[in-house]
Amino acid sequence: MNDHPVIARIRLNPHSRDVQRDLRDATQMHRTVMRMVPDNLGNAPRQQAGLLYRLEETDTASTLLVQAATLDPARLPTGYGQADVKSLAPMFTALRKGLGVRYRIVLNPAKRERLSLEEKGKRGRIVPLSGADADQWWLRRATEAGLDLHVLTPTSMEPARPRTPNASAMRHSLLRYDGTATVTDPDALTEAVIHGIGRGKPYGAGLLSLAPATTA
């Protein structure tokens, strides 16, 4: 295992039937990316592997970013895509208080519903957030993660829907945030990058990407 995670950038092959299946089915996508981590990781293999991923799509290409403690792209289905793997150690080394960064993250902003006193002892359902409520949720989580946000630009994503009999009940709303920020706590930020932020990690949420902010 590495001291720092690695990240794979996989340019997906649009002609691959495995890719076409995974783009339609969030559960299948999760199963495919899990093939890249070691076997026999126990009852919570995604957490043990530190696996996070994000799908980025344009009009001309689909790219899958996958982060984990160790990755073996050779275990992907034949013809799935072209993978480039690099260590995140240089990025972590560069983090310091006051550093300006650009960030990108896909999130599943949500809160647990408050129940009445009559329903004390029960757990409320998870309610997705949108609009200003989602923005405030990300602002709070970013602050906890050691980032002082300057710009947060939300983009609505296609919901993640596992193709199962109860898929409608398992719909995961996703929002992508892009922007700029200043690092306030490098240690907290390192933890947030390694472990991800928020819910929906098996469905492509939570992976925080950072790059140096460009100056004019």
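Residues numbered from 1 in each chain as written. Predicted model: local features only at pLDDT ≥ 70, side-chain atom pairs only at ≥ 80, totals over all residues. Heavy atoms only, no water.

Chemist: When you look at the pattern of salt bridges in this model, what are you seeing that I'm missing?
Modeler: Should their charged atoms come close, side chains of opposite charge can pair. Summed over the entire model, instances satisfying the criterion amount to 8 salt bridges. The partner of Arg 21 in a salt bridge is Asp 22, with the nearest N and O atoms 2.9 Å apart. Here Asp 22 falls in the buried class, since its relative accessible area comes to 2%. Between Arg 104 and Glu 56 there is a salt bridge, with the nearest N and O atoms lying 3.2 Å from each other. In this pair, Arg 104 sits in strand β5 (residues 100-107) while Glu 56 sits in strand β2 (residues 52-57), placing the two residues 48 residues apart along the sequence. Taking relative accessible area as the criterion, Glu 56 reaches 18% and is therefore assigned buried. One salt-bridge network, in which partners are shared between bridges, spans Arg 54, Glu 56, Arg 104, Arg 176 and Asp 178. (Salt bridge = Lys/Arg side-chain N within 4 Å of Asp/Glu carboxyl O. Buried < 20%, exposed > 50% of the residue type's maximum accessible area, 1.4 Å probe, protein only. Helix = DSSP H or I, 4+ residues; strand = E, 2+ residues; numbered from the N terminus.)

Chemist: Is there a simple way to think about helix α2 (residues 26-34) in this case?
Modeler: An α-helix turns once every 3.6 residues. As a result, residues three or four positions apart point the same way. Here α2 lies mainly inside the structure; 7 of its 9 residues are buried. For α2, every residue scored as buried is listed here: Ala 26, Thr 27, Met 29, His 30, Thr 32, Val 33 and Met 34. In this fold, the buried residues of α2 make contact with α1 (17-24), α3 (45-49), β2 and β3 (62-68). The opening residue of α2 is Asp 25, an N-cap whose side-chain oxygen sits 2.9 Å from the backbone nitrogen of Thr 27. (Contact = heavy atoms within 4.5 Å. Polar contact = N/O pair within 3.5 Å; in protein donor to acceptor, adjacent residues only side chain to side chain.)

Chemist: Whenever I open this one, the nonpolar core confuses me. Can you help?
Modeler: Within soluble globular proteins, side chains that are nonpolar tend to cluster in buried spots. Core analysis: the largest hydrophobic core is formed by 31 residues, its most contacted members being Trp 138, Leu 147, Ile 197, Leu 208 and Leu 210. Of all elements in the fold, only α4 (89-94), β5, α5 (131-144), β8 (147-149), β10 (175-183), α6 (186-195) and β11 (208-212) reach the threshold of two or more residues within this core. (Core = buried A, V, L, I, M, F, W, Y, C linked by side-chain atoms within 4.5 Å.)

Chemist: Explanation requested: the sheet that holds strand β1 (residues 6-12) in the structure shown.
Modeler: The pairing of strands in a sheet happens through backbone hydrogen bonds and is either parallel or antiparallel. On the basis of which strands lie adjacent, the open sheet formed by 4 strands has the order β2-β3-β1-β4 and antiparallel pairing. Of all the strands in the sheet, the pair left with one neighbour each is β2 and β4 (81-87). On average, each strand axis in the sheet is inclined to that of its neighbour by 15°, with strand direction left out of account. Both β1 and β3 contribute to a ladder of 6 bridges, which runs antiparallel. Its bridge partner lying in β3, Val 6 is registered against Ala 68. With respect to the sheet, α2 is in contact with β2 and β3, its orientation differing from that of β2 by roughly 120°. (Pairing = 2+ DSSP bridges. Axes fitted to C-alpha atoms, helices over the stretch in contact; angles between N-to-C directions.)

Chemist: What's the story with the packing of α1 against α2 in this structure? I'm lost.
Modeler: For the pair α1 and α2, the least separation of the axes is 5 Å and the interaxial angle reads 125°. As the angle between them shows, α1 and α2 are arranged oblique. Between α1 and α2, the contacting residues are Arg 21, Asp 22, Leu 23 and Arg 24 on the first element and Ala 26, Gln 28, Met 29 and Thr 32 on the second. Residue composition of the contact of α1 with α2, grouped by class: 3 nonpolar, 2 polar and 3 charged. (Parallel < 35°, antiparallel > 145°, perpendicular 65-115°, else oblique. Nonpolar A, V, L, I, M, F, W, Y, C, P; charged D, E, K, R; others polar.)

Chemist: Which parts of the structure should I look at to understand the confidence of the model for the chain?
Modeler: Atom-level detail of predicted coordinates should not be read off regions where pLDDT is low. For the chain, per-residue confidence averages 89 on the pLDDT scale, and 87% of positions sit at 70 or higher. Taken element by element, the chain is modelled with least confidence in strand β7 (residues 126-128), mean pLDDT 82, and with most confidence in β8, mean pLDDT 98. (pLDDT = per-residue confidence, 0-100.)

Chemist: Looking at this structure, I do not really get the environment of Val 106. What am I missing?
Modeler: Relative to the assigned elements, Val 106 resides in strand β5. Taking the C-alpha atoms as reference points, Val 106 and Leu 55, separated by 51 residues in sequence, lie 9.0 Å from one another. If sequence neighbours within four positions are ignored, Val 106 has contacts with Arg 54, Met 157, Leu 174, Leu 175, Arg 176, Gly 204, Ala 205, Gly 206 and Leu 207.

Chemist: Looking at this structure, how should I read the pairing of β10?
Modeler: Along a regular strand, successive side chains alternate from one face of the sheet to the other. In this sheet, β10 lies alongside β5 in antiparallel orientation, the contact comprising 8 bridges. Paired with Ile 105 across the two strands is Tyr 177, which belongs to β10.

Chemist: Honestly, the environment of His 30 in this entry has me stumped. Any pointers?
Modeler: Here His 30 shows up in helix α2. Assessed through its relative accessible area of 19%, His 30 is described here as buried. Between the C-alpha atom of His 30 and that of Pro 202, which follows or precedes it by 172 residues, the distance is 6.0 Å. Discounting chain neighbours no more than four positions away, the residues touching His 30 are Arg 46, Tyr 53 and Pro 202.

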